[in-house]
Amino acid sequence: MFTALVLSEYSAGFDVAKLLGLEIVAIHEKEFPDEELYVRILEPDRVKSRNIIVFSTLYPKQERALLKTLLAVDAAKRAGALEVTAVIPYLAYARQDKLFLPGEPVSASLIIELLKNTGVNRLVTVDVHSLHVLESLPGKALNVMVSDLLVEHALKYLVDPLIIAPDKGAYERACYAARTHGLKCDYLIKQRDRITGEVSYTPREISVSNRDVVLVDDIISTGGTVAEATKILITQGARRVIVAATHGLLVGGAMKKLEEAGVYRVLLANTLNIKHAHPLIEYIDISTRLASELKKFLGI
Ligand code: R5P
């Protein structure tokens, strides 16, 4: 039997919990005057001896959202929960998934260890940056792919588009969406300066002349990656370029970069606790996909 705890970080968690017909136990959340965080399960008896699903997400304010998630998991365990599944559509810090430069931490492993050590038995996330981040939870982690839903929406605007990944890391994600819709996929060759963060591309001829393109990525942060990729594709003759990215952080003038690059539309999933208002942006609701994947994974 599963019961849901939904943190204010991820209000769409209420929709997912309802789609699954789960009981939802309310949580009281507050911040002390010194900005420390507090959560309390309002009816802890309803958590006792139950399998609990904690819905949260880790953007914006990643560190506070993570701490609040850990507090909720700890509270559930102390209230006598059996197993705890954390549903965290956006897993912050997942991009630092290895040592790129000497002296760095592996932030992604640390986040997973913190969740596990606090009592998370299973983890469900959406379009995680790289799957190997979940390897320390063998059989207990699920990565829900939604790039096909974003591409499905793009098909309302584009004719037989080519699905392009802005780098090799996003290629599998792009091809998954392409396969689902019977389309072709390819990728660009991106380099990122590990010190400055600047993105550059090695020219690679992809036959995009007179073709519509959907650029599929997991995250738009500063917009540098998809803006540069769009410029290259347009230079190579692409017609309309739609960006389909799961997690739209959109920091530091990202949308301006995308507009200037000539992006036709930006399609994002509702995985974050923030929605950006901009005429080019459309949000795609992934609650139904998340609910059906959770149902299979947990046997609800
Ligand atoms: C990196 O490999 C990711 O998949 C994204 O491409 C990257 O995080 C996007 O960042 P930005 O928008 O700052 O270029």
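Here is a short report on the structure shown in this document. Keep in mind that what you see is a predicted model, and the values were worked out from it rather than measured. (Residues numbered from 1 in each chain as written. Predicted model: local features only at pLDDT ≥ 70, side-chain atom pairs only at ≥ 80, totals over all residues. Heavy atoms only, no water.)

A few points about the site of the ligand
Heads up, the condition is: A single heavy atom is enough: if one lies within 4 Å of a molecule or strand, its residue is considered near that molecule or strand. Any pair of N or O atoms that falls within 3.5 Å is considered a polar contact. Within protein, one atom must be able to donate a hydrogen and the other to accept it, and sequence-neighbouring residues count only if both atoms are side-chain atoms. To measure how exposed things are, a 1.4 Å probe is used in the Shrake-Rupley method; for residues, cover is taken only from the protein chains shown. Note on conventions: DSSP H or I runs of at least 4 residues are helices, E runs of at least 2 residues are strands, and numbering of each starts at the N terminus. Classification used: nonpolar for Ala, Val, Leu, Ile, Met, Phe, Trp, Tyr, Cys and Pro, charged for Asp, Glu, Lys and Arg, polar for all others including Gly.
With respect to spatial proximity, 14 residues lie near the ligand, and among them Asp217, Asp218, Thr222, Gly223 and Thr225 are the closest. A distance of 2.9 Å separates an oxygen atom of the ligand from a polar atom in the side chain of arginine 95. Note that an oxygen atom of the ligand is positioned 2.8 Å from one of the backbone N or O atoms of serine 221. In isolation the ligand has 380 Å² of accessible area, and contact with the protein removes 91% of it. Where the shell around the ligand is concerned, the elements lending two or more residues are strand S11 (189-192), strand S13 (213-220) and helix H6 (224-235). Looking at which element gives the most residues to the shell around the ligand, the answer is S13, with four residues. Taken together, the residues that form the shell around the ligand break down as two nonpolar, six polar and six charged.

Quick word on the nonpolar core
Selection criterion: The set of buried Ala, Val, Leu, Ile, Met, Phe, Trp, Tyr and Cys residues whose side-chain atoms join them within 4.5 Å is what this entry labels a nonpolar core. Buried residues are those whose accessible area, probed at 1.4 Å on protein chains only, stays under 20% of the maximum for their type, while exposed residues exceed 50% and partly exposed ones sit between those limits. Where each domain starts and ends comes from a domain assignment, either automatic or drawn from a database. The contact rule is simple, with two residues in contact once any of their heavy atoms fall within 4.5 Å.
Residues Val16, Leu22, Phe55, Ile163, Val214, Leu290 and Leu294 are the most contacted members of the largest nonpolar core, which totals 42 residues. Domain assignment of the residues forming this core places at least three in each of domain 1 (2-144 + 288-298) and domain 2 (147-269). Not counting residues up to four positions away in its chain, the partners in contact with leucine 22 are Phe2, Ala4, Ala17, Ile53, Phe55 and Ile300. Membership of the second largest hydrophobic core comes to 40 residues, among which are Ala76, Ile88, Tyr90 and Ala92.

Brief notes about unusual backbone geometry
In this structure, proline 60 follows tyrosine 59 across a cis peptide bond, with omega equal to 0°. Locating proline 60 in the fold gives a position in the loop between strand S5 (51-55) and helix H2 (62-78). With phi around 70°, tyrosine 93 is a residue other than glycine that occupies positive phi space. On the secondary structure map, tyrosine 93 appears in the loop between strand S6 (84-87) and helix H3 (107-118). Accessibility expressed as a relative area gives 38% for tyrosine 93, which makes it partly exposed.

Thoughts on the side chain of serine 147
Residue position: serine 147 is located in helix H4 (residues 147-154). Polar side-chain contacts of serine 147 include one of 3.1 Å to the backbone oxygen of arginine 173. When sequence neighbours within four positions are dropped, the list of residues in contact with serine 147 reads Asp127, Arg173, Tyr176, Ala177 and Val216.

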